[in-house]
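An overview of the molecular structure
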Amino acid sequence: MPDWTAQTLGPLWRPHEKSAAVPAARRRAAGGLSAALAGARAAPPAPGYSGAHAANTRLAGLQQIDLGGEEGPEQVLLGPDGLLYTTVASGKVLRMAPDGTQLQTHVDTGGRVLGFDFDRAGRLVAADALRGLLRVDPQGAVTVLSARWRDDPVRYADAVVVSRRPETPEQMFFTDASTRFGAQAFGGTFEASVLDILEQSATGRVLVYDSASGSTERVAHGLSFANGIALSADEQTLLVAETGRYRIWAIPARARELDLSNGPAGGARVLLDNLPGYPDNLMRGEAGRFWVGLVKPRNPVIDRMAARPLLREITLRLPRAAWPIPKAYGHVFAFTEDGRVVADWQDPAGAYPDTTGLTETADRLYVQSLHARALGWLPRPADLPR
């Protein structure tokens with residue numbers, strides 16, 4: 001085996017071992033290679049922290065709001081009632097005053113809500129990784145809107161955005177991050193995401209639920225962990241984070257059945273490519289900005305695996321402690337609809353872990369996180385255009 005492989009995997013290089021330390025679900029993943037895993041795709045050279053993403057410390061020293069023992073404020077939104085809403089790892093959706101007081105549970109879906117939005121009636125619409133697309137009424141009653149496309153279950157609902165323009169039918173666009181590694185079947189959202197990104201089978205997709213007809217259609221597929229999603233100002237274009245390939249797409253919102261596994265098609269284009277980390281949530285800000293969180297920096301081991309399908313298969317068999325998880329590094333940046341980076345804030349120390357996005361309000365910016373035990377925030381900088 002190559003020297004770097006020996007140094008990374010060492011004594012764990014046992015491609016046929018099925019020890020008790022490896023969960024059954026992970027053995028199933030490694031036991032049968034998908035067509036995508038059987039191939040090879042070289043990752044582009046990592047750009048490092050330079051240019052628009054030059055290293056800085058503007059995200060360091062966040063103030064924090066206690067979440068009452070909860071953790072993982074994956075997404076944050078200011079609701080139509082003026083309260084701040086966030087999802088946490090326990091499956092609850094919390095709400096509070098913007099200063100963090102009056103913390104309460106809005107709903108517990110019994111799953112794991114990752115992304116959410118509000119519909120035109122002010123009801124919360126949630127992408128629940130374990131249950132699909134949900135709607136929550138003001139009293140906390142949960143309705144499943146979409147749990148499958150045709151006969152195929154939604155296995156990892158990740159993010160959702162609801163159309164707003166009054167002259168058009170209400171549509172809810174959402175990502176199904178992986179149709180191979182479901183969060184329910186593979187040990188949770190984090191475990192399933194790592195397995196999917198390591199395998200590079202690119203089974204993620206974008207779906208759309210029509211509120212009037214109750215139907216679900218497929219917008220695009222062939223994405224390597226389809227993640228955050230947002231609509232352009234005119235709602236003609238979807239912005240979609242493809243986490244496993246370090247890029248952000250611009251996809252026509254009217255498109256259906258686009259196959260993006262071999263690159264741009266049907267008017268879809270890559271807006272931002274070869275990012276220095278893994279893009280997660282996409283959040284609309286002010287002055288034409290969109291914010292994205294890079295949940296982890298690039299990892300040279302994972303990049304090198306992209307062209308080595310056998311090594312990816314072997315890695316899928318390893319216990320979680322041996323996975324090549326990238327280091328902690330706080331990073332969010334803002335860009336415009338034409339792909340121009342207009343702000344970039346980092347914390348190289350990673351004191352606030354796994355930054356997934358940023359939410360703008362009138363006087364505060366809230367930083368989202370996959371695993372933090374508090375909600376990070378900072379006062380709105382005077383140099384941030386409104």
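This text follows the structure it describes.
For clarity, every value in this text was computed on a predicted model and none was experimentally measured.

**Looking at unusual backbone geometry**
The backbone of Arg150 shows a phi angle near 55 degrees, a positive value even though the residue is not glycine. By the element assignment, Arg150 lies in the loop between strand S10 (148-149) and strand S11 (152-153). Under the relative-accessibility criterion, Arg150 is labelled exposed at 61%. The phi dihedral of Glu235 falls on the positive side, at around 60 degrees, and the residue is not glycine. Position of Glu235 among the secondary structure elements: in the loop between strand S16 (226-231) and strand S17 (237-242). The exposure class of Glu235 is buried, given its relative accessible area of 14%.

**Topic: the pattern of salt bridges**
On inspection of all chains with the given rule, the structure shows 18 salt bridges. In this structure, the salt-bridge partner of Glu70 is Lys92, at a minimum N-O distance of 3.2 Å. With Glu70 in the loop between strand S1 (63-66) and strand S2 (76-78) and Lys92 in strand S4 (residues 92-96), the pair connects residues that are 22 residues apart, well separated along the chain. A salt bridge links Arg205 to Asp176; the shortest N-O distance between them is 2.9 Å.

**Topic: the packing of aromatic side chains**
In the structure shown here, the tally under the stated rule is nine aromatic pairs. Ring centres 4.6 Å apart and planes at 15 degrees place the aromatic pair Tyr49 and Tyr329 in the stacked group. Note that Tyr49 is positioned in the loop between helix H3 (35-38) and S1 and Tyr329 in the loop between helix H6 (309-316) and strand S23 (330-335), a separation of 280 residues in sequence. Of the residues examined, Tyr329 reaches a relative accessible area of 5% and is grouped as buried. Judged by centre distance (4.9 Å) and plane angle (70 degrees), the ring pair of Phe181 and Phe186 falls under edge-to-face. By relative accessible area, which is 0% here, Phe181 ends up buried. Its guanidinium or amino end placed over the ring of Tyr246, Arg298 lies 3.6 Å from that ring's centre, counting from NZ or CZ. For the cation-ring pair, Arg364 lies above Trp377, with the distance from its terminal atom to the ring centre recorded as 3.5 Å.

**Considerations on the side chain of Arg298**
As for its placement among the helices and strands, Arg298 is situated in the loop between strand S22 (290-297) and helix H5 (300-305). The class of Arg298 is buried, set by a relative accessible area of 11%. Among the polar contacts listed, one links the side chain of Arg298 to the side chain of Asn274, at a separation of 2.9 Å.

**Quick look at empty space enclosed by the protein**
According to the stated counting rule, one finds two cavities of 30 Å³ or more in the structure shown. Roughly 320 Å³ of volume is contained in the largest cavity. Looking at the largest cavity, it is lined by 23 residues, and the ones nearest its centre are Phe190, Ser193, Val194, Ile197 and Val295. Among the elements that line the lining of the largest cavity, the one with the most residues is helix H4 (residues 189-199), at six residues. By residue class, the composition of the lining of the largest cavity is 14 nonpolar, four polar and five charged. The space that makes up the second largest cavity amounts to roughly 70 Å³.

**Considering the sheet that holds strand S25 (residues 355-360)**
In spatial order, the strands read S1-S27-S26-S25; together these four strands make up an open sheet with antiparallel pairing. On the outer flanks of this sheet lie S1 and S25, each paired with one strand and no other. On average, each strand axis in the sheet is tilted by 30 degrees relative to the strand beside it, whichever way the strands run. Across four bridges, strand S26 (residues 364-369) lies against strand S27 (residues 374-379) in antiparallel orientation. Bridged to Arg364 within S27 is Pro379.

**Brief notes about the sheet that holds strand S3 (residues 84-87)**
Sheet architecture is open: four strands sit in the order S2-S3-S4-S5, paired in antiparallel fashion. Both outer strands of the open sheet, S2 and strand S5 (104-108), are each paired with one neighbouring strand and no more. Strand-to-strand twist of the sheet, defined as the mean angle between neighbouring strand axes without regard to direction, takes the value 25 degrees. When S3 meets S4, the two strands line up antiparallel, connected through four bridges. Note that in S4 the partner of Thr87 across the bridge is Val93.

Thresholds, definitions, all that
Residues numbered from 1 in each chain as written. Predicted model: local features only at pLDDT ≥ 70, side-chain atom pairs only at ≥ 80, totals over all residues. Heavy atoms only, no water. Helix = DSSP H or I, 4+ residues; strand = E, 2+ residues; numbered from the N terminus. Buried < 20%, exposed > 50% of the residue type's maximum accessible area, 1.4 Å probe, protein only. Salt bridge = Lys/Arg side-chain N within 4 Å of Asp/Glu carboxyl O. Phe/Tyr/Trp six-rings, centres within 6.5 Å; stacked < 30°, edge-to-face > 60°. Lys NZ or Arg CZ within 6 Å of the ring centre and 35° of its normal. Polar contact = N/O pair within 3.5 Å; in protein donor to acceptor, adjacent residues only side chain to side chain. 1 Å grid on protein atoms, 1.4 Å probe; cavity = no way out; pocket = protein on both sides within 12 Å on 5 of 7 lines; lining within 4 Å. Points joined across faces, edges and corners; volume = space filled by probe spheres on them. Nonpolar A, V, L, I, M, F, W, Y, C, P; charged D, E, K, R; others polar. Pairing = 2+ DSSP bridges. Axes fitted to C-alpha atoms, helices over the stretch in contact; angles between N-to-C directions.

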